[in-house]
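Residue strings, one per chain:
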Amino acid sequence: MGYTPEMMELIKRVEATRAARVERVKNGEYFTAMTLDERADVLNKFHPDYKDDGRVAVRVGPNKGDVYPEEFVACLESYPRIDPDKVDFSVLETFTTDVLVIGGGGGGTSAAIIAANEGNKVILATKLRHGDANTVMAEGGIQGADQEVDSPYYHYLDVIGGGHFTNSPELVAALTNDAPLVIKWLEDMGMMFDKNPDGRMRVRHGGGTCRKRMHSAGDMTGSEIMRVLRDEARSHTDSIELIEFAAAVEILKDSQGRVSGALMYNLETEEYFTIRAKAVVIATGGFGRLHVQGFATTNHYGATADGLVLGYRAGVPLAFMHSTQYHPTGAAYPEQNVGLLITEKVRGLGANLLNISGEQFVFEREPRDVESAAIIRECAERENGIQTPVGRLGVWLDSPMIEELEGPGTVERELPAKFVQFMRYGIDIREVPMLVYPTLHYQNGGLKINAKTETGVPGLFAAGEVTGGVHGENRLMGNSLLDVTVFGRRAGQSAAQYVSDFSGEIGEPGLAHAKEFMEEVKGLNVPEDRVAPLLLPDYTTEEVRSHQLTAHYEGTIR
Amino acid sequence: MSTQTIASGDTTILPEGAKFIPVYVMGKKYMLPETLTIQKAIEYAGFQYVRSCGCRGGICGACPTVWRVIGDYQLHFGLACQTVIEENMVLAQMPFFPANRADYKLEELEATAETLSLLYPEILKCVGCNTCTRACPMEIDVMGYINSAMRGDITRAARQSFDCIQCGMCSARCPAQIAHYHVAQLCRRLYGKYVAPGAEHLVSRVSEVEAGKYEGALEALTGMDEPKLKELYVAREAEPLDSEGWEPQDKANL
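Bear in mind the structure is a predicted one, so any value in this text is a computation, not a measurement.

Some details on the overall build of chain A
Alright, step 1. When helices and strands are tallied, chain A shows 16 helices and 19 strands.
Alright, step 2. Relative to the 2.2 N^0.38 estimate, which gives 24 Å for 558 residues, the radius of gyration of chain A is 24 Å and therefore close to what a compact globule would have.
Alright, step 3. Taking the principal axes of the C-alpha coordinates as reference, chain A spans close to 75 × 65 × 45 Å.
Alright, step 4. Counting only residues that meet the buried cut, chain A has 69% of its 558 residues in that class.
Alright, step 5. Sequence-distant contacts in chain A: of pairs separated by 6 or more residues, those separated by 24 or more amount to 73%.
Alright, step 6. Surface accessibility of chain A: about 18400 Å² in total, with carbon and sulfur atoms responsible for 48%.
Alright, step 7. Once the 55 positive and 80 negative side-chain charges of chain A are each reduced to a mean point, those two points are 2 Å apart.

Right, here's the structure in full:
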């Protein structure tokens, strides 16, 4: 298929300016970088985190008054999926276990394995398939200071500097201290790391690292981690019970305020059921599929903020939810690649960003947030974006320049995965530019935890992207796979410790907290059919909806 | 121009005059806009996915899809999120296919041919039809790695199967009833644990961490105020891109 004739016509403008642009780069001349004032201006006007519109103060719960993206606030200011008064636990099927892990990605699976190794019965409940998570989508790598010229000390400095010194110090210390342990743990489970012939880990730099500590497994590091963790969990036939297509819709607490399990929903039979547990780990990941302010996302289908809603209703405060990572260059065309991450390396190799006239409008190596805002400005305010056949806007990323600057063959050698992903659709990025637009990439914030992954609610733990604090206001590449494994393991350990200290029977299943929260929501005058957790995004078109005369939607689910 | 029109998430916006083509979802005809992927086209038709949808980016293996085009006998295989619809496609998605994993604990195994043939004896029944390879949406030489596994060449099987996303299409098509992707998983883990040389520097670092070598330094950092942290951050020595033989001058915190 390739580009449409109309787009090919526009590409001629890019080609017309290319020779002069290549010449300028060769002479060391670049588009003028923004001053700090200009950066502040473009961020304030166009970065979704800084804009006033699209962001509102939440009116309920522990973070009342804090300002977050409105799509997320709508989730918090929602009715439960089921009125707590209508839940009769005596008629619901009930499972009982020591530890319930909610979420089957890298964090949840790590927690389940560790809790099981400590002798616990574990139920791993996940709303899609085991392994359906952002973990599988992480390509670049996992950080860990295991080389002689490196140490957790330098890793700590990199993480906290990258996070603009806002991070929670104890979480950063835990992350960087445990990193070598996690790399070893994965190696012992048979993960195929990229190694030298003598066994030494092959490590690279990432953005913001002062030492090379990015470990990888080809360009599918997250996928390899998930495959290994899932297979290891499957070895625990006697201790880990897996329940797929089962979404948690409410945390259960007993009369003493301790966690006592979760109210679950079978997405296929539409039945509710109960899992009673001494300890619960929330590891449900992020919120990319809320499409904050309409952004495309690199995230998995299931990234709908469920765990944040569950935890928040159970009384866990949020941290850093004002901060979201947008990657400046997500694919905007072809349609099947929309949201796909185009690595920073493309700009690092010299490719320009260009508008509809084939002109530069921004320096290519501004910080991620500034770069994103400048692209949005070019499309929105200046109306210089290029429109795709389905109506998306984007700007050109001139990859053919790389061949001219670095020599023929560079694109295929340095960007093999991207080359193939575009070639599949008849777009040869050695010859024609890519169309890009910022994409919603990572939820920097989440449930507030301490280094033991405790949430403040007795027996309730949380790990991974659903938590906030470890990355502060900006996460470095290679620290999300590390986050899920380090804190997943810690959650498994802490849950196991909690269970071993636990005396007496599991508390009764209670929803008083959800009832109380619902009463608060009632006072807000929000639509009564607004329910959360969302569980799945809804991509039904307006036209189809207008024909579904007898269909009933519970939130986004039909 | 509002932000709503410049960014539309995953919702499809059609241009003026978009062409609609017939596509058969499980045998039933829908007129759907060309240029969409199978996944987005099925959503456009009005379906809401619970199964058969995952990362939407070609790496999770949730959306394997089988199709024929009317008038053509050939079966085609691909991922719904990575394949664009064509006129007269007759589609079926395969949300799940049973393929049993052998019951083992990796630490109790040895990386030998016997391990493979004991846990997955069916690999020896491969008839060499290569249907598995033709069904693979990741263009993996599936039969090639099964042959390597039959010969006990764990290293080769691990490397050949590395791109596997475990969608299960190979196992759905196999006349010898092999659970290919589980065999591949076992080979990769055996290779990673027993065959590939271990990282010795990692062993030393782990014992240093476990002995608490960095606890003091990390504790000092966690208690540090922002100006001091910024000072240390700015003063970090950067390892060069080409760092063969490089050593930092300040080794106090290594």
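Still more ground to cover, so stick around.
Concerning the packing of aromatic side chains
Residue and element names in this part refer to chain A.
Alright, step 1. Summed over the entire model, instances satisfying the criterion amount to 16 aromatic pairs over all chains.
Alright, step 2. When the ring of Tyr265 is compared with that of Tyr272, the centres are 4.8 Å apart and the planes differ by 45 degrees; the resulting orientation is tilted.
Alright, step 3. Overall, the relative accessible area of 10% leaves Tyr265 in the buried class.
Alright, step 4. Overall, the relative accessible area of 21% leaves Tyr272 in the partly exposed class.

What about unusual backbone geometry?
Alright, step 1. The step from Tyr333(A) to Pro334(A) runs through a cis peptide bond, and the omega angle for that step is -5 degrees.
Alright, step 2. Mapped onto the elements of the fold, Pro334(A) is located in the loop between strand 12 (324-331) and helix 9 (345-348).
Alright, step 3. Here Ala532(A) and Pro533(A) are connected by a cis peptide whose omega angle stands at 0 degrees.
Alright, step 4. When you line up the elements, Pro533(A) lands in the loop between helix 15 (512-522) and helix 16 (542-547).
Alright, step 5. Here Asn88(B), not a glycine, exhibits a phi torsion of approximately 65 degrees, which is positive.
Alright, step 6. Of the residues examined, Asn88(B) reaches a relative accessible area of 23% and is grouped as partly exposed.

Some points on the sheet that holds strand 17 (residues 446-448) of chain A
One key point about sheets: their strands pair by backbone hydrogen bonds, in either a parallel or an antiparallel sense.
Residues and elements named next belong to chain A.
Alright, step 1. The mixed open sheet is built from 3 strands, whose spatial order is 11-17-19. With partners counted over all chains shown, the strands left at the sheet margins are strand 11 (318-319) and strand 19 (467-468), one partner each.
Alright, step 2. Both strand 11 and strand 17 contribute to a ladder of 2 bridges, which runs antiparallel. Its bridge partner lying in strand 17, Leu318 is registered against Leu447.
Alright, step 3. Across the sheet, helix 8 (residues 306-313) lies against strand 11 and strand 17, angled at about 35 degrees from strand 17, the strand it touches most.

Considerations on the pattern of salt bridges
Alright, step 1. Inspection of every chain in the model, using the stated rule, returns 40 salt bridges over all chains.
Alright, step 2. In this structure, Asp231(A) and Arg101(B) form a salt bridge, with 2.8 Å as the shortest nitrogen-oxygen distance. One end of the pair, Asp231(A), is in helix 7 (residues 221-235); the other, Arg101(B), is in the loop between strand 5 (89-93) and helix 3 (113-119), on a second chain.
Alright, step 3. A relative accessible area of 16% places Arg101(B) in the buried class.
Alright, step 4. Across the pair Lys230(B) and Glu226(B) runs a salt bridge, and its minimum N-O distance is 3.0 Å. Pair noted here: Lys230(B) and Glu226(B) are both in helix 11 (residues 226-234), with a separation of 4 residues, about one helical turn.

What to know about the domain arrangement of chain B
All names here are of chain B.
Alright, step 1. Domain boundaries in chain B define domain 1 (17-93) and domain 2 (106-195).
Alright, step 2. Using only C-alpha atoms to locate each centre, domain 1 and domain 2 end up separated by 29 Å.
Alright, step 3. Residue-level contacts link 11 residues of domain 1 with 8 residues of domain 2.
Alright, step 4. Across the domain 1/domain 2 interface, buried area totals approximately 710 Å², and carbon plus sulfur atoms make up 77% of it.
Alright, step 5. Viewed at the interface, domain 2 and domain 1 are joined by 0 salt bridges.
Alright, step 6. Across the domain 1-domain 2 interface, the total number found is 0 residue pairs in polar contact (both at pLDDT 80 or more).
Alright, step 7. Contributions of two or more residues to the side of domain 1 that touches domain 2 are made by strand 3 (64-69) and strand 4 (76-79).
Alright, step 8. Residues of the side of domain 1 that touches domain 2, tallied by class, amount to 7 nonpolar, 4 polar and no charged.

Rules of the game
Residues numbered from 1 in each chain as written. Chains lettered and ligands numbered in written order. Predicted model: local features only at pLDDT ≥ 70, side-chain atom pairs only at ≥ 80, totals over all residues. Heavy atoms only, no water. Helix = DSSP H or I, 4+ residues; strand = E, 2+ residues; numbered from the N terminus. Rg over C-alpha atoms; globule rule 2.2 N^0.38 Å. Buried < 20%, exposed > 50% of the residue type's maximum accessible area, 1.4 Å probe, protein only. Contact = heavy atoms within 4.5 Å. Areas by Shrake-Rupley, 256 points an atom, 1.4 Å probe, with all protein chains shown as cover. Lys, Arg positive; Asp, Glu negative; His and termini not counted. Charge placed at Lys NZ, Arg CZ, Asp CG, Glu CD. Phe/Tyr/Trp six-rings, centres within 6.5 Å; stacked < 30°, edge-to-face > 60°. Pairing = 2+ DSSP bridges. Axes fitted to C-alpha atoms, helices over the stretch in contact; angles between N-to-C directions. Salt bridge = Lys/Arg side-chain N within 4 Å of Asp/Glu carboxyl O. Domains from an automatic or database assignment. Buried area = accessible area lost by both parts, 1.4 Å probe. Polar contact = N/O pair within 3.5 Å; in protein donor to acceptor, adjacent residues only side chain to side chain. Nonpolar A, V, L, I, M, F, W, Y, C, P; charged D, E, K, R; others polar.

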